[in-house]
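Per-entry structural report
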Amino acid sequence: MGLAVTGVATVCIAAGFAFVGGFLTPQRLTQARIIDRFEQLNGIHPGFRRNHAKGVCIAGSFDSNGNGAALSKAVVFQRGSTPVTGRFAVAVGKPFVPDNETEVRSMALSFKLRDGEEWRTGMNDIPVFPVRDAQAFYQQMLATRPDPATGKPDPARMQAFLAAHPETAKALQVIKARPFSTGFANASYNSLDAFRFVNAAGVSTPVRWSMEAVDPFVAETMSGGQPTDVNYLFDDLIARLAKGPVQWRLVATIGTADDATADATVAWPDSRQRVTLGTLTINRIATEQPGNCSDVNFDPLVLPAGIAPSDDPLLSARSATYSNSYRRRAAEAKTPSEVQVPLATKDATP
Amino acid sequence: MTHDRFPAISRILHWLMAAMILAMLFIGIGMVASLTEYHWLLSIHRPLGIAILVLAAIRLVNRLAGRVPALPNDMPPALRFAAQGSHIVLYVLMIAVPLVGWAMLSAARYPVVLYGAFELPPILPQSDLLYTILRDAHTLLALTLFVVFLAHFTAALMHRLVFRDGVFESMASLRSDSRRR
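Criteria and thresholds
- Residues numbered from 1 in each chain as written.
- Chains lettered and ligands numbered in written order.
- Predicted model: local features only at pLDDT ≥ 70, side-chain atom pairs only at ≥ 80, totals over all residues.
- Helix = DSSP H or I, 4+ residues; strand = E, 2+ residues; numbered from the N terminus.
- Rg over C-alpha atoms; globule rule 2.2 N^0.38 Å.
- Contact = placed C-beta atoms within 7 Å.
- Core = buried A, V, L, I, M, F, W, Y, C linked by C-beta atoms within 7 Å.
- Buried ≥ 20, exposed ≤ 12 C-beta atoms within 10 Å, placed from the backbone.
- Expected span 1.5 Å × (residues − 1).
- Axes fitted to C-alpha atoms, helices over the stretch in contact; angles between N-to-C directions.
- Left-handed = near helix turned anticlockwise from the far one by under 90°.
- Nonpolar A, V, L, I, M, F, W, Y, C, P; charged D, E, K, R; others polar.
- Pairing = 2+ DSSP bridges.

Let's talk about the overall build of chain A
Tallying secondary structure elements over chain A gives 8 helices and 10 strands in all. Its C-alpha radius of gyration of 22 Å places chain A within 12% of the 20 Å reference for a compact globule of 350 residues. Sequence separation of 24 or more characterises 75% of the internal contacts of chain A that already satisfy a separation of 6 or more.

This is how it looks when you write it as structure tokens:
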């Protein structure tokens, strides 16, 4: 009897452990399965990020005007300057993709706060995110996968996905309604996910933030008009920085009780209050390589005190999958980046 | 048959850490397979791991300095060896798993946030190679800890339900003193 009780109790704990670890439910969507799907669609490119694979390192500083201090106790929003390193990339999982085969671009930043804390953020130059959660993201990847026979996504598959996800159909309309800019320097980048600013009094405010280009927006002409140079986006950025620093204004959009924080597919109304928090100045650029931004996982949940996650389920899912991608690429030999910054501008390595 | 008990401080540390470590093992295995639950599990995982590291260090000193009840005289040598060996392994892992966790976050340039603005300093420079070795070691050591915990749990129930030799009671007693009954 004693033996039986002992045996059953031990097996129950072991089974519980296996269940929590997902070993009894192979169909459960995990961070590893999402990264597996990236590898299925893009191939495995050792040493590179599984998404936003082609990029370049940047550095500069953020000058806060102090306006954010009432909203968030984060040291970065007190008046003063914070050093920033970061990365521009195209939102594709292939590190050698020609720039004119890409659309969405990203700006990832790491702020080193005076008190030793760090704030990392990854932003895209689209107004809303196409999907609401990780499950939809995973299905969308399959729906937009090129058909091996035609080399293009199967329209029927995409239609079925959009029928099941009307929020994605709406979000894609919003995304397509606005042209992309001609380059990295004149694009504006959005947090897409909502966060919460928490001030010294403990008051929590829903926000989304944007880095709004100071360089005037110039719309990229539609298909055919793009440059054919495979690295034209990055080369233009290098040339632009050779002329002088590039700036963006960090703007927080303040959500109200009516605004969804858990749904990145829905834009908040234009009438929402917008607070300019300061200016980002980027003045250095360097080839991605070990020792600079290449080593950094721009996990959107590396946050200082004063910035907290919202209830947006994408945030935790992004943090989880990025960590899986980082773990895989850290274990792999590195291949030189397609984007090589000429020596002339390389001196000031970020 | 022994009626000797561990000192109260040893029993308190044991049961407190038993709950923490068991919770930690489930949080750890759960979070790496999670998407939506990942972040809140991780935000418990880090401070709980450091708390275990601190308590394990206190417990090691307590164990080395304190008194340990003798095992029953009639316990077979093989079981005696297994009991003593598994306790050494438990102590090593209670310290090694959180320490490797801290080191691997350092090597990956992740800030080691415990709560709010309170962070631990990195204990290693950034290194993909070190991160890869330590990240794998963290999982392997934690799974070993789970297996040794299961053996420990099974042995404890055996002492209580099958052998009935007082070994279980030496740690499970609620009495404040540690003298013989």
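Concerning the nonpolar core
Core analysis: the biggest nonpolar cluster contains 106 residues, and V56, L237 and I285 of chain A together with M104 of chain B have the highest contact counts within it. If one sorts the elements of this core by residue count, helix 3 (residues 77–107) of chain B sits on top with 9 residues. In contact with L237 of chain A, other than residues within four places in its own chain, are F88, G183, F184, A185 and I285 of chain A.

With respect to helix 1 (residues 2–20) of chain A
Residue pairs spaced three or four apart in an α-helix point in one direction, given the helix's 3.6 residues per turn. The end-to-end C-alpha distance of helix 1 of chain A is 27 Å, a good match for the 27 Å that 19 residues give at a rise of 1.5 Å each. In the segment just after helix 1 of chain A, G22 of chain A is the residue with positive phi, at about 80°.

Considering the interface of chain A and chain B
Of the residues lining the interface, 37 residues belong to chain A; the matching set on chain B comes to 30 residues. Listing elements by their share of the side of chain A that touches chain B, those giving two or more residues are helix 1 and helix 7 (313–330) of chain A. Here the side of chain A that touches chain B gets 10 residues from one element, more than from any other, and that element is helix 1 of chain A.

Remarks on the packing of helix 2 (residues 38–65) of chain B against helix 3 of chain B
All names here are of chain B. Here helix 2 crosses helix 3 at 145°, and the two axes come no closer than 9 Å. When you trace helix 2 past helix 3, the crossing you get is left-handed. Every residue of helix 3 that contacts helix 2 at G49, I50, I52, L53, A56, A57 and L60 is listed here: Y91, M94, I95, P98, L99 and G101. Considering only residue class, the contact of helix 2 with helix 3 consists of 11 nonpolar, 2 polar and no charged.

Re the pairing of strand 4 (residues 118–124) of chain A
Residues and elements named next belong to chain A. Most of strand 4 is tucked away: 6 of the 7 residues are buried. Where strand 3 (residues 105–112) meets strand 4, 7 bridges bridge the pair, whose relative direction is antiparallel. Residue L109 lies in a different strand from strand 4, and its bridge partner there is T121.

Nothing here speaks to function; it is geometry throughout.
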